Amino acid sequence: MAALTPSCGCDGCRFYNLCGGCHPECNHACCARPCPSCAVRCRRRDDAESWVRDAGGTLDLSLPPGFTWPPVPDDLPPVVPEVDGYRMGEYDAAAGWPAYAVGASRVFSARGTGLRPRWRGRRAAEVLGLPPGKKVVLHVFGPDELIERLWTEQFRSRVWEQVAGAGFALILGPNYSVYGEHPRFEHLLNMRRSLLAAARLASLGVPAAPNVYWWTEGDLERWCGCIEELGIPAVAVNAQTYQSEGDWAFLLSGLERMGRKLGERVLFFVNGVTRPARVAAVRRALPRVVFVSRAVQARAQHGRGLLVDDAVGDHSPELFRRNLEEFLNCLQNAS
C-alpha cells in the first residue's frame, strides 16, 4: 500500500483525516499548472468545494440513516460471461447458461444521456434475444469519459431511472477511477461517487453493487466499515487494469483483506480475471465470489479457447460453451 506524507497544504485541508496526505506516485504534487486546463481534481482547485457539494457535501463513505439496499440475486452462477449482445440465441442454445452480463458502452449512449435506442422501453433479456427466466447483469465499467458523462447527466437526463426500468437482475455500479498518479482528493472524490451512484440505483429498487477501488490501507478500512455499517450485500471490483505482477499483488492483497473482514455475508463480483493462477488466488481470497468475464465470448469469437493461444475452432457458440466449462474447471481446481 502507498506511503503518505503531509504536503500540498495538508495542514489546512478538512479532508486530511480521510486522505492521510500525499503519496509519492502523485504526478500533481506541488503542481503549478493552471487549473482551468487540468482535468484532474485536487484540493487546490478553485472549484474543489463545488465537487464536494456535488458529491453530497462530504467525501466520506456514508449515506443517510435508514438507507437500505435491495437484496442481490442468490442464484447467479460462479461465472457470468460478458457478451456483446448479438447472436445471443445461438450462444444461449449452445451454453444453456442462466445469466449473462453486458457492459456500459453497449447499453448507454456515447454522450451519457441515457440508454441506446435498442434498449429504450424494453427489458434486458428481450434486447439480448434471451428466453424468459434468463438473468442479465449490467456492469457500468467503461471508459472514464463515458462514466463521467453519466455522472453529469444522471439528474438532467434521469439516467438511473432509465436503467431501473430495463429489468436488469443486478447492476454493478460505475467505476469512478482511482489512479496512482492522481491526487488523493481525486481518489476520495471518486470513491465517494462510486458509492453514491450505486446507492442512487439501489434507491430505485434495483439490486446494485458499488464498485470498490482503493489506494491505501485506510481506504480499504473505510470501505469495509461502510459495507458493514450500511449492510451492503454485494460489491464489485474491476480487475481489468491490474496486469503487471506488482499491480496484481496490490489488488490481491486488498481482496484478501476484504475477504477476511467481510466474510461470507458479502458477495464479490470480480471482473477481468482469466489466468488460472489468478482465478484460483481470487477464489481463495474471497469466501463468496462471482467472476464476470469478457474473455469467454471474445476468445470464442476469434476461434480460441479460454486458456490457449492457438486457434482451436471456428464455431463460436460451441467454443463459447467450452470456454465456460474451462472457467468452471479452473474454479473447481481452486477449491
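Just above sits the structure.
Residues numbered from 1 in each chain as written. Predicted model: local features only at pLDDT ≥ 70, side-chain atom pairs only at ≥ 80, totals over all residues. Heavy atoms only, no water.

Turning our attention to unusual backbone geometry. In this structure, R87 is a non-glycine residue whose phi angle is positive, near 60°. Locating R87 in the fold gives a position in the loop between β1 (79–81) and α3 (88–95). Even without a glycine there, the phi angle at R158 is positive, about 50°. Structurally, R158 can be placed in the loop between α6 (144–153) and α7 (159–164). (Helix = DSSP H or I, 4+ residues; strand = E, 2+ residues; numbered from the N terminus.)

Two residues of an α-helix separated by three or four positions point the same way, owing to the 3.6 residues in each turn. Taken together, the buried positions of α6 are L146, I147, L150, W151 and E153. Summarising the contacts, the buried residues of α6 are in contact with α2 (48–54), α4 (104–107), α7 and α8 (184–202). (Buried < 20%, exposed > 50% of the residue type's maximum accessible area, 1.4 Å probe, protein only. Contact = heavy atoms within 4.5 Å.)

Inspection of every chain in the model, using the stated rule, returns zero disulfides. Just so you know, C224 is unpaired, no disulfide at all, and the nearest cysteine sulfur is the one on C226, 9.6 Å from it. According to the relative accessible area criterion, C224 is buried, its value standing at 4%. (Disulfide = S-S within 2.5 Å.)

Next up on the list: the sheet that holds strand β2 (residues 99–103). The parallel open sheet is built from four strands, whose spatial order is β2-β3-β4-β5. Only two strands of the sheet have a single neighbouring strand rather than two, namely β2 and β5 (208–209). Sheet topology note: the β2/strand β3 (residues 135–139) ladder contains five bridges and is parallel. Counterpart to G103 in the pairing with β3 is H139. (Pairing = 2+ DSSP bridges.)

Take the environment of A209 next. Note on placement: A209 falls in strand β5. Looking at A209, the relative accessible area reads 0%, which means it is buried. On a C-alpha basis, the gap between A209 and V237 in space is 9.5 Å, while along the polypeptide they are 28 residues apart. In contact with A209, not counting residues within four places along its chain, are L170, I171, L172, G173, A198, A234, V235 and A236.

What follows covers the packing of helix α10 (residues 245–262) against helix α11 (residues 276–285). Following both chains from N to C, one finds α10 and α11 inclined at 25°, their axes separated by 8 Å at the closest point. Judged on the interaxial angle alone, α11 and α10 are roughly parallel. Side by side, α10 and α11 meet where E245, W248, L252, L255, E256 and G259 of the first sit next to R278, A281, V282 and A285 of the second. Here the contact of α10 with α11 is composed, by residue class, of six nonpolar, one polar and three charged. (Axes fitted to C-alpha atoms, helices over the stretch in contact; angles between N-to-C directions. Parallel < 35°, antiparallel > 145°, perpendicular 65-115°, else oblique. Nonpolar A, V, L, I, M, F, W, Y, C, P; charged D, E, K, R; others polar.)

The topology assignment puts F291 in strand β8 (residues 289–293). Here F291 falls in the buried class, since its relative accessible area comes to 1%. Residues F291 and P77, 214 residues apart in the sequence, show an inter-C-alpha distance of 8.9 Å. Ignoring anything within four residues of it in the chain, the contact list for F291 reads P78, V79, V80, V270, V273, V279, V282, R283, F327 and L331.

As a further point, take the side chain of N175. Take N175: it is sitting in the loop between β4 (170–172) and α8. Of the residues examined, N175 reaches a relative accessible area of 3% and is grouped as buried. Polar side-chain contacts of N175 include one of 3.4 Å to the side chain of Y213. (Polar contact = N/O pair within 3.5 Å; in protein donor to acceptor, adjacent residues only side chain to side chain.)

Here we take up the packing of aromatic side chains. Across all of its chains, the model carries nine aromatic pairs by this definition. Summarising the aromatic geometry, the rings of Y91 and F320 are spaced 5.1 Å apart at their centres and angled 75° between planes, so their arrangement reads as edge-to-face. Of this pair, Y91 sits in helix α3 while F320 is found in helix α13 (residues 316–334), placing the two residues 229 residues apart along the sequence. In terms of burial, Y91 and F320 fall into one category: buried. The interplanar angle of 80° and the centroid separation of 5.7 Å between the aromatic rings of W151 and Y176 together place this pair among those described as edge-to-face. (Phe/Tyr/Trp six-rings, centres within 6.5 Å; stacked < 30°, edge-to-face > 60°.)

Spatially, β1-β8-β7-β6 is the arrangement adopted by the four strands of the open sheet, whose pairing is parallel. The outermost strands of the open sheet, each flanked by one partner alone, are β1 and β6 (234–238). On average, each strand axis in the sheet is inclined to that of its neighbour by 20°, with strand direction left out of account. Pairing of β1 with β8, which is carried by three bridges, proceeds in the parallel orientation. Within the sheet, the bridge partner assigned to V80 lies in β8 and is V292. Docked against the sheet, α11 engages β7 (267–271) and β8, running at close to 150° with respect to β8. Strands in contact with α13 are β1 and β8; relative to β1, the strand with the most contacts, it is inclined by about 155°.

A word on the pairing of β2. Within β2, five of the five residues are buried, which leaves it mostly tucked inside the rest of the structure. Along β2, one buried face is formed by A99, A101 and G103 and the opposite face, lined by Y100 and V102, is buried too.

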